[in-house]
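Tertiary structure, described
Here are the chains, one letter per residue:
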Amino acid sequence: MQHSILWLFLILAGASIIVFTYVYLSSKKANQSDQGMNQPLKKRFWFLLILFVILGIFASVTIPKSPYYLFADETPARVLHVAAMQYAFILSNDAINPESPQGETDLVLPLNELIEFRVTSLDVNHGFAIYDANNQLIAQTQAMPGYVNRLRWKFTSPGKYNILCLEFCGMDHQGMRSSFTVK
Amino acid sequence: MESLKTRKITSVWIVIVLALFIVAIILGILMRLNQGTIIQQSPVTFYGNMTTHGLTMIGIWFVAGMAAVNYLMERYVKTSYGVNLFALICTIIGVLMLWSSTFIGHFHAGWTFLYPLPFKVAWAQWATPVFLSSLVVLGVGWLVWSVSLMSQILKKYTLSQAFAWQHFKKNPAVETPPFILITMVTLVGVIACLLAAVLLLVLLFAEYFSNGSFVNDAAAKNLTYFFGHTIANEMLYLGLAVIYELFAEVSGRPKWKTTWYVAVAWNLSLAFILTAFFHHLYMDFVQPEGLQIVGQLASYLASLPAAGVTVFSILVAVYRTKINWSLTNLLFFIGVAGWVIGGLGAVIDATISNNFVLHNTLWVPAHFHTYNAMGNVLFSLGFFHWFAHKFDVGFYIDKNAMLKLTLILFGGIGFLLAFYIGGADSIPRRYSNYPPEFTMAAPLATVAAVFATFYLLAILLFFLNITKNV
Amino acid sequence: MYKNNVFYFLVIVIIGWNTSVYSQQDNIAWKEESHVYTKVLDAPLKGYGLGDSTSLLQLAHQNPTILALIFTRCTGICNPFLLQLSEKLEWEIEHKNFNIVVISFDPRDTEADMSALAKRFHLDQEKQWIFGVTDSIESLNKSIDFNPIRDETRQQYDHEALLVGINSDGYITKKLIGMRSTSDLALLVGSIYNSFTPTHQLPNKNRLFSCFNYDPKTGKNTPGLGLLFIALPAILTIFILFTSNYLGKSERIG
Ligand code: HEM
Ligand SMILES: [Cu+2]
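Residues numbered from 1 in each chain as written. Chains lettered and ligands numbered in written order. Predicted model: local features only at pLDDT ≥ 70, side-chain atom pairs only at ≥ 80, totals over all residues. Heavy atoms only, no water.

**Quick notes on the overall build of chain A**
Counted only if it meets this: The helix and strand labels rest on DSSP assignments: H or I over at least four residues marks a helix, E over at least two residues marks a strand, and numbering proceeds from the N terminus. As defined in this context, the radius of gyration uses C-alpha atoms, and a globule is described by 2.2 Å times the residue total to the power 0.38. Only protein chains enter the accessibility calculation, which uses a 1.4 Å probe; a residue whose area is less than 20% of its type maximum is buried, one above 50% is exposed, and one in between is partly exposed. Should any heavy atoms of two residues lie within 4.5 Å, those residues are counted as being in contact. Surface accessibility in these figures is a Shrake-Rupley result with a 1.4 Å probe; residues are shielded only by whichever protein chains are displayed.
Scanning chain A from terminus to terminus reveals two helices and nine strands. Beginning at the N terminus, the succession of helices and strands in chain A can be written as α-α-β-β-β-β-β-β-β-β-β. At 24 Å, chain A has a C-alpha radius of gyration far larger than the 16 Å of a compact globule built from 183 residues. Expressed as lengths along the three principal axes of its C-alpha atoms, the size of chain A is roughly 80 × 40 × 30 Å. Counting across all 183 residues of chain A, residues that qualify as buried make up 51%. Once local pairs closer than 6 in sequence are excluded, the contacts in chain A between residues at least 24 apart make up 61%. Approximately 8500 Å² of chain A is accessible, and the part contributed by carbon and sulfur atoms is 61%.

Right under this line is the structure:
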């Protein structure tokens, strides 16, 4: 996913550079009598229209894929409670008591089944980001104190998954992590 | 025309901005070096530098735009020298307070100081109130400045003229210069986001002094990004106002006029800019879905007037047209290209389903550094250069213009590519040290630091050249 | 009027009014999260309004169910709890046909006690309301993580006001502890119909500045006081804009 995004960006950026360079060179070569662009208003109109249509298509394709609608009409097979705190994640099969937060280690989650992560924070804002075995970010939500965010996901390949914090939360933000296995 | 006093104070602004820019870039390079494990800083130092770098950069490029707009506005209306000076003093005091809270007090909650992090004190006790007060000082100074400029415009133009509404119809009786229109639209946005900051600070101070906890996290986050996103965007628009005013002039071309589509575009962009900030909260499922979609649509729509009117106008102005190219309009032209490319990265990230895997990775600093370091900074440098040399007698040739441009482009592009590649590799942003599984992260950071040094060299040359002349 | 309210509001904030009201509910808020998506015990039921069902799951299979736990001799929260429940659920009940099953967790309570209770609340004619007892209350409590503590001297229970949402597959979809707002109850009702909301707020956080509340009628989040705060900068900006326009007017010529 991310790599196709990068390619898309590089192609668009490259195209922009070519356009700007071309326009610049056309000015360098121009002489006093050159008239500039023919019918700029008409071209402007077409340019805007095309841009509008492209963005419209983009929006209508991508919005339904937003995480808020992921697996919305299925019932989770498994619930994992997550409490983020400076500077650790607590993962547990049972609800987590903030007075004495206790989690489980060596968690194993089932393959191809719907998991619901119920994510909250016990102190400041944190991020809850799931990285696959190739260290690609595959899903995330924020952990906000006082709220429970429900992230639903189906793991389609087995392996070790890491969890990192993706919202700056203080001096050991970079060290805040956890993991689980999918089998 | 502008008085000698305005000229002087503008020179002071320019020197301060460039000096602070150099310091802030050095902090940026130090951050990249630390991430590249070339140097070893404690996380506290790193995050302190990150906070200083972020807020200093936002601050200086905002005031750079404001100072330029203030200077050029003298062509149309009188501006208040006293207020300009007041803003300058507030900025200096504010920056000194900010730096003491981060460098001495080790405050390091990030430039967005997201509630409730500033209250989880992991630094000197006094640093939180000093940091928040520094924002109050900056905010008040800038608010007064913006309101003053706006009210000066309204002393000459009516409200509808200032927004160029009469241009919606054919053959308007009164013409609104594009510079006035854009400045007006931008100032409204600036005032709104500064008020958001003030409101947020009031809430934070109330909580700080009452030792309570009544601020709702979701409301605070909305206000934070309303302020942070909007100011970062509006300062770019200040730069665009300068381009609308100066590009034709330095190119030896007839001055740009407000047309109906320019008027419509800028009025529309005000609405989009004020609602686009919702895209910072996509991963906060707390936010109602309706607002998330508004965020995506507003972010998309904001690009239409920008691309269809401003960018297209620049291209039309240059295409097959003989122009007196100088460092000033070259910087403007390249800056617009940088702005477009950063905008592409932004639109990609403002797509909710992409944001799901890009949010708070290095993709974020990648795109905003593109339209800042390669966009807005070049707009302002273009203005600085023009300002420094417009009083030169005789024909002026900038000997190392090409050298400076090459350094900026070479250094900038390399520095930015490292961010983009890092983002596509899912490397998190705001990490003082990278977890070992990201094998590319440290090498990329080191390479970025090297490239950024070239960029720094260009800025040093600008500094020497411009300060000699102002 | 509206502007005035905003002003008072600000004044209140500035003097540092601390509205947090800490009740005993605060430290148990997290318990709402326990046992979600586990199956509830299929407790055999006896009581009023059951029809031909004889157990909790049979009821749930017919219609999604909200379970409320009380005891008739309660001198504390049970009565106000039931009262507000019947009031706040009125709209939902008219539009959806889920069950509300009120079960006593006190072994002393009989079917007769429960039907008297139903009459007292004028709910005996409402066919969505079911009042009953079960002989496996201990196991039922366990399956929903509910722990009333008996106080022998007062002959009372120390317990929280608990609502449990059960979907038609018999799974717990959501729990609510304490007297709750209409919007929270609407979320509970939504959950038993398996409608997914990606977030919810825990009851211990102060909601004064909450941006949004869930509106049962539209099924959407509606603006709360916090949203006003987000809109305030824009409102003030417009105010400043018009004021400077007004002041500028005198200086414009022609
Ligand atoms: C060549 C010059 C620059 C260098 C080397 C540089 C470097 C950096 C680095 C390393 C970071 C931290 C990235 C991370 O999250 O890991 C950063 C963040 C940031 N930079 Fe720059 N930067 C430069 C120019 C600019 C400019 C021109 C701006 C203008 C607005 C800017 C604004 C920011 C902001 C707002 C942040 C975010 C700070 C935060 O996350 O709290 N930078 N920069
Ligand atoms: Cu964290």
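After that view of the structure, there is still more to cover.
**Comments concerning the packing of aromatic side chains**
What counts is decided by this rule: Pairing of aromatic side chains requires ring centres within 6.5 Å, counting the rings of Phe and Tyr and the six-membered ring of Trp. Pairs whose planes differ by under 30 degrees are stacked, by over 60 edge-to-face, and all others tilted. Geometrically, a lysine NZ or arginine CZ counts as sitting over a ring once it is within 6 Å of the ring centre and also within 35 degrees of the ring normal.
Tallying each qualifying case throughout the model produces 61 aromatic pairs over all chains. Measuring from centroid to centroid gives 5.6 Å for W325 of chain B and F333 of chain B, while their planes differ by 70°, and the two rings are edge-to-face. Residues W325 of chain B and F333 of chain B agree in their burial class; the two are buried. Members of the aromatic cluster, connected to one another through ring pairs, are F20 and Y24 of chain A together with Y237, Y244, F247, W256, W266, W325 and F333 of chain B. Across from the ring centre of F462 of chain B, 4.5 Å away, lies the NZ or CZ of K404 of chain B, which sits over that ring.

**Points about the site of ligand 1**
Residue and element names in this part refer to chain B. Cut-off, in case you're wondering: Working definition: residue near molecule or strand if any one of its non-hydrogen atoms lies within 4 Å of it. Here a polar contact means two N or O atoms within 3.5 Å. Within protein one must be a hydrogen donor candidate and the other an acceptor candidate, and residues neighboring in sequence count only if both atoms are side-chain atoms. All amino acids are sorted into three groups, where Ala, Val, Leu, Ile, Met, Phe, Trp, Tyr, Cys and Pro are nonpolar, Asp, Glu, Lys and Arg are charged, and the leftover types, Gly among them, are polar.
Surveying the vicinity of ligand 1 reveals 25 residues, the closest of which are Q35, H53, H369, R429 and R430. A distance of 2.7 Å is found between a nitrogen atom of ligand 1 and a side-chain nitrogen or oxygen belonging to H53. A distance of 2.6 Å is found between an oxygen atom of ligand 1 and a side-chain nitrogen or oxygen belonging to R430. Residue assignment for the shell around ligand 1 shows that the elements contributing at least two residues are α1 (4–35), α2 (43–73), α12 (363–389) and α14 (441–469). At seven residues, α1 tops the list of elements feeding residues into the shell around ligand 1. When the residues that make up the shell around ligand 1 are grouped by side-chain class, the tally is 16 nonpolar, six polar and three charged.

**Let's talk about the confidence of the model for chain A**
Put simply, the test is: pLDDT expresses, on a scale from 0 to 100, how confident the predictor is about each individual residue.
Looking at chain A, the pLDDT average stands at 93 and 100% of residues meet or exceed 70. Strand β5 (residues 126–131) of chain A holds the highest mean pLDDT among the elements of chain A, 97, whereas helix α2 (residues 40–62) of chain A holds the lowest, 91.

**Here's the deal with the interface of chain A and chain B**
Note the threshold: Summed over both partners, buried area is the accessible surface (1.4 Å probe) that two parts give up on being assembled. Basic side-chain nitrogens of Lys or Arg form a salt bridge, by our definition, when they fall within 4 Å of a carboxyl oxygen of Asp or Glu.
Contacts between the two partners involve 78 residues from chain A and, on the opposite side, 85 residues from chain B. Summing both partners gives a buried area of about 7300 Å² for chain A against chain B, and 69% of it is carried by carbon and sulfur. On inspection of chain A and its partner chain B, the count reaches one salt bridge. A salt bridge links R177 of chain A to E437 of chain B; the shortest N-O distance between them is 2.8 Å. Viewed at the interface, chain B and chain A are joined by 29 residue pairs in polar contact (both at pLDDT 80 or more).

**Regarding the coordination of the copper ion (ligand 2)**
Residue and element names in this part refer to chain A. Selection rule: Coordinating donors are taken as N, O and S atoms within 2.8 Å of the metal, stretched to 3.2 Å for Na, K and Ca; because water is absent from the atoms, sites can appear incomplete. Square planar and octahedral assignments, for four and six donors respectively, both demand that opposite donors be over 155 degrees apart and that all other angles lie between 65 and 115; tetrahedral needs four donors with all angles between 85 and 135 degrees, and anything else is irregular.
Summarising the metal site, the copper ion (ligand 2) is bound by the protein donors H126 (ND1), C165 (SG), C169 (SG) and M176 (SD), whose distances to it range over 2.0 to 2.4 Å. Coordination geometry of the copper ion (ligand 2): the four donor atoms subtend angles of 97 to 122° at the metal centre, consistent with an arrangement described as tetrahedral. Read from N- to C-terminus, the donor residues coordinating the copper ion (ligand 2) fall into the pattern H-x38-C-x3-C-x6-M. Here H126, found in strand β5, pairs with C169, found in the loop between β8 (159–164) and β9 (177–182); they are 43 residues apart in sequence, far enough to count as distant. Among the residues examined, C169 registers a relative accessible area of 0% and is labelled buried.

**Examining the sheet that holds strand β2 (residues 65–70) of chain C**
Residue and element names in this part refer to chain C. Keep this limit in mind: Between any two strands, pairing holds if DSSP finds at least two bridges. To obtain an axis, a line is fitted to C-alpha atoms, over the contacting stretch when the element is a helix, and the angle between two such axes runs from 0 to 180 degrees between their N-to-C directions.
Spatially, β1-β4-β3-β2-β7-β8 is the arrangement adopted by the six strands of the open sheet, whose pairing is mixed. Because the sheet does not close on itself, it has two edges, and the strands there are β1 (46–48) and β8 (172–177). Taken over all neighbouring pairs, the strand axes of this sheet differ in orientation by 25° on average, direction set aside. When strand β3 (residues 99–104) meets strand β4 (residues 129–133), the two strands line up parallel, connected through four bridges. Of the residues in β4, the one forming a bridge with I103 is G132. Of the strands in this sheet, β2, β3, β4 and β7 (162–166) are in contact with helix α3 (residues 78–88), which crosses β2 at around 155°.

**Describing the sheet that holds β8 of chain A**
Residue and element names in this part refer to chain A. Spatially, β3-β9-β8-β5-β6 is the arrangement adopted by the five strands of the open sheet, whose pairing is mixed. Across the chains shown, the open sheet's two edge strands, defined by having one partner strand only, are β3 (108–109) and β6 (137–143). By the bridge criterion, two bridges tie β3 to β9 in an arrangement that is parallel. Residue pairing for β9: L109 is matched across the bridge by V182.

**Focus: α12 of chain B**
Residue and element names in this part refer to chain B. Rule in force here: To estimate the expected span of a helix, count its residues, drop one, and scale the result by 1.5 Å. Working definition for bend: take the seven residues up to and ending at a residue and the seven starting at it, fit an axis to each, and measure the angle between the axes.
Compared with the 39 Å implied by 1.5 Å per residue over 27 residues, the 38 Å span of α12 between its first and last C-alpha is a close match. Of all bends in α12, the biggest is about 35°, found at L378. In terms of burial, α12 is a largely internal element, 26 of the 27 residues being buried.

**Some details on the nonpolar core**
Defined as follows: Only buried residues count toward a nonpolar core, which is a set of Ala, Val, Leu, Ile, Met, Phe, Trp, Tyr and Cys residues joined through side-chain atoms within 4.5 Å.
Residues F117, F155 and F180 of chain A together with F383 of chain B are the most contacted members of the largest nonpolar core, which totals 238 residues. The leading source of residues in this core is helix α6 (residues 178–210) of chain B, at 23 residues. Leave out the neighbours within four places in its chain, and F180 of chain A touches L91, L107, L109, F117, I130, F155, G159, K160, Y161 and I163 of chain A. In this structure, I100, W129, I130 and I166 of chain C belong to the second largest nonpolar core, which totals 54 residues.

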